[in-house]
2 protein chains.
Amino acid sequence: MENVSVNKIFGGWHKQYSHFSKTLNCSMRFAIYLPPQASSGNKVPVLYWLSGLTCNDENFSHKAGAQRAAAELGVAIVIPDTSPRGEDVADDEAYDLGQGAGFYVNATQAPWSKHYQMYDYVVDELPQLIEATFPVSDKRAISGHSMGGHGALVIALRHPERYLSVSAFSPISNPIDCPWGQKAFSTYLGKDREAWRSYDASELMREAKDFVPALVDQGEDDNFLLEQLKPEALTAAAKASNYPLELRMQDGYDHSYYFIASFIDEHLRFHAAHLYQ
Amino acid sequence: MENVSVNKIFGGWHKQYSHFSKTLNCSMRFAIYLPPQASSGNKVPVLYWLSGLTCNDENFSHKAGAQRAAAELGVAIVIPDTSPRGEDVADDEAYDLGQGAGFYVNATQAPWSKHYQMYDYVVDELPQLIEATFPVSDKRAISGHSMGGHGALVIALRHPERYLSVSAFSPISNPIDCPWGQKAFSTYLGKDREAWRSYDASELMREAKDFVPALVDQGEDDNFLLEQLKPEALTAAAKASNYPLELRMQDGYDHSYYFIASFIDEHLRFHAAHLYQ
């Protein structure tokens, strides 16, 4: 593992690392924010943040302003990339497929399956690496934006034993029923729609029996709201399974990081309440 | 004036505009953050933020996290670009000269003098436009980073009647005595070093008689500290004139926006205390 950068922020340390991922079969970069409380004698819990289409670890690191509350609350933040990367990694010219658009699934279709195993990377390999390397505990929360909100919800819904809380901003709530999700799933997972269901937050939430407390914020002026995001599917699913979901429609907010910045403190406080329970 | 973008953030509105500047003789873009308190019946004071080398209005807007405290305190923020822009505007291949590197001076040398009049733009044209257009008062503060910290200090020192407070992060404190400043000043202002002195914060502070309360933060692990920034010159000047300068060396911090984000709240509170006095 190679340290790429170190910056002091709010008394803690924001660091980028590159490492070779066995799961993804390529070199990957991630960022970690270690709050001032973190030390070998005081392991802190971790929030995993999954970013949206076209992002890498830097968008959230630069734009969300999350380190302030993380430093106050004593929560580390780990920010993986959004896909495998590299010249020999399959790609597509479109912004919503290939590099920068891994959709946090394990691809089964050629040529994608060789590297696009983001689900296993985020669920297994990365937490193992993080917990073996840094002064953090195995108390985990997960959050994300848009494609990353989809990823966070799906991962928490499928592994309620591994996460104490989950949140999302503007998630792709029902990907099997929107253009982004249908394009990505048909490409990465093939034509069998039954295989898609295990990566659809609304489908999973409807059948859920073990709960992870969930907070979702969605801007009402989000350009992608009607066609791509469909929070109403998530609300209906939560009603069906009596899932502990708080979904808040936020008047006037859009899909940008300005929206995330406005509510990231509330998400961090929500997670910290569960991580330190 | 053309509205380029609008985003809701922390209950207020972050907006970008383009306009034709008579002073600069070209089209310019700036950003303004209007906090939720701002209305035609409730004009709010304004903090002008001057960015550093290579920046435009978006670096501070995206990375500083300033809107949160500005919304809480009821302070608007105006963020101009760092130079004139355009295909017919003189430029240089180096990052520290030409477009993105206006140094907030009025150039006297060809070919620069045709457009590079950033001092007058920031001091006169832009505040007139802002105060005629938006629900803001004529209570002004000014701040900036690196080249913009130099600009903020110089402008406040030369116009103590126009600004209620000034602050800076990692300012180029003594540009007549560092490579960045000497390169820019010799290019824009010519060989007469006497002309440079009116753009040097340490020179101006040493002779100051009318004071504007000043706060400066400087990271101790800033790569540019010794060669380019020289805060000790500012400290010595303040001592000579008994200037109300608080200059704080911050252990472990570097020259990046992570440093600015860590202390921007304190700067906003400092300015708000004077703007709302």
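Per an unreviewed UniProt entry, chain A goes by S-formylglutathione hydrolase and derives from Sediminihaliea albiluteola. The Catalytic activity (unreviewed entry) field of the UniProt record for chain A holds the comment "S-formylglutathione + H2O = formate + glutathione + H(+)". Recorded under Function (unreviewed entry), the UniProt text for chain A is reproduced unchanged: "Serine hydrolase involved in the detoxification of formaldehyde."

**A closer look at the packing of aromatic side chains**
Pairs of aromatic rings are described using the distance from one ring centre to the other and the angle between the two planes. Counted by the stated rule, this structure contains 36 aromatic pairs over all chains. For the pair Trp49 of chain A and Phe60 of chain A, a centre-to-centre distance of 4.1 Å together with 20° between the ring planes defines the contact as stacked. Separated by 11 residues along the polypeptide, Trp49 of chain A in strand E4 (residues 44-50) and Phe60 of chain A in helix H1 (residues 57-63) bring together distant segments of the chain. Taken together, Trp49, Phe60, Phe169, Tyr253, Phe259 and Phe263 of chain A form an aromatic cluster joined through their ring pairs. In this arrangement the basic side chain of Arg158 of chain A is found over the ring face of Tyr199 of chain A, its NZ or CZ atom lying 5.0 Å from the centre. In this arrangement the basic side chain of Arg158 of chain B is found over the ring face of Tyr119 of chain B, its NZ or CZ atom lying 4.3 Å from the centre.

**Details of the pattern of salt bridges**
Counting across every chain of the model gives 30 salt bridges over all chains. The salt bridge involving Arg197 of chain A is made with Glu203 of chain A; its shortest N-O contact spans 2.8 Å. Taking the relative accessible area as the measure of exposure, Glu203 of chain A reaches 16% and is therefore buried. Between Arg248 of chain B and Glu266 of chain B there is a salt bridge, with the nearest N and O atoms lying 2.8 Å from each other. One end of the pair, Arg248 of chain B, is in strand E9 (residues 245-250); the other, Glu266 of chain B, is in helix H10 (residues 257-275), and 18 residues separate them in sequence. Connected via shared salt-bridge partners are Glu194, Arg197, Glu203 and Arg206 of chain A.

**Concerning the relation of the copies chain B and chain A**
The two copies are related by a screw motion: chain B maps onto chain A through a turn of 180° and a shift of 0.0 Å along the axis, at an RMSD of 0.0 Å. On the angle and the small slide along the axis, the relation comes out as a two-fold axis. Most of the interface of chain B is mirrored in chain A, where 100% of its interface residues again form contacts.

**Remarks on the interface of chain B and chain A**
Accessible area lost upon the coming together of the parts serves often as the stated size of an interface. Taken residue by residue, the interface counts 23 residues in chain B and 23 residues in chain A. Overall, the association of chain B and chain A removes approximately 1,900 Å² of surface from exposure, summing both partners, and the carbon and sulfur fraction of that is 51%. It is Lys8, His62 and Tyr258 of chain B that lose the most area in chain B upon contact with chain A, and together they represent 37% of the buried surface on that side. Across the contact surface, chain B and chain A share 0 salt bridges. Here chain B and chain A share 8 residue pairs in polar contact (both at pLDDT 80 or more) between them. Going through the elements one at a time, strand E1 (2-9), strand E2 (12-21), helix H1 (57-63), helix H2 (66-73) and H10 of chain B are the ones with two or more residues in the side of chain B that touches chain A. The biggest single contributor to the side of chain B that touches chain A is H10 of chain B, with 5 residues. Along the lines of polarity and charge, the residues of the side of chain B that touches chain A split into 8 nonpolar, 9 polar and 6 charged.

**Brief notes about the confidence of the model for chain A**
Here chain A averages 98 in pLDDT, while 100% of its residues score no lower than 70. The ipTM value of the predicted complex is 0.95, and its pTM value is 0.97.

**A look at the UniProt feature "active site" (unreviewed entry) in chain A**
Residues and elements named next belong to chain A. On the UniProt side, "active site" (unreviewed entry) is annotated at positions that read Ser146, Asp222 and His255 here. Spanning 110 residues, the named residues form one tight spatial group whose C-alpha atoms are at most 10.8 Å apart. Owing to a relative accessible area of 3%, Ser146 belongs among the buried residues under this scheme. Beyond its immediate chain neighbours, meaning those up to four positions away, Ser146 contacts Phe169, Ser170, Pro171, Ile172, Trp180, Leu229 and His255. Of note, His255 is situated in the loop between strand E9 (245-250) and helix H10 (257-275).

Rules behind the numbers
Residues numbered from 1 in each chain as written. Chains lettered and ligands numbered in written order. Predicted model: local features only at pLDDT ≥ 70, side-chain atom pairs only at ≥ 80, totals over all residues. Heavy atoms only, no water. UniProt positions renumbered as here; feature names shortened; annotations may be inferred. Phe/Tyr/Trp six-rings, centres within 6.5 Å; stacked < 30°, edge-to-face > 60°. Helix = DSSP H or I, 4+ residues; strand = E, 2+ residues; numbered from the N terminus. Lys NZ or Arg CZ within 6 Å of the ring centre and 35° of its normal. Salt bridge = Lys/Arg side-chain N within 4 Å of Asp/Glu carboxyl O. Buried < 20%, exposed > 50% of the residue type's maximum accessible area, 1.4 Å probe, protein only. Least-squares fit on C-alpha atoms with pLDDT ≥ 70 in both. Contact = heavy atoms within 4.5 Å. Buried area = accessible area lost by both parts, 1.4 Å probe. Polar contact = N/O pair within 3.5 Å; in protein donor to acceptor, adjacent residues only side chain to side chain. Nonpolar A, V, L, I, M, F, W, Y, C, P; charged D, E, K, R; others polar. pLDDT = per-residue confidence, 0-100.

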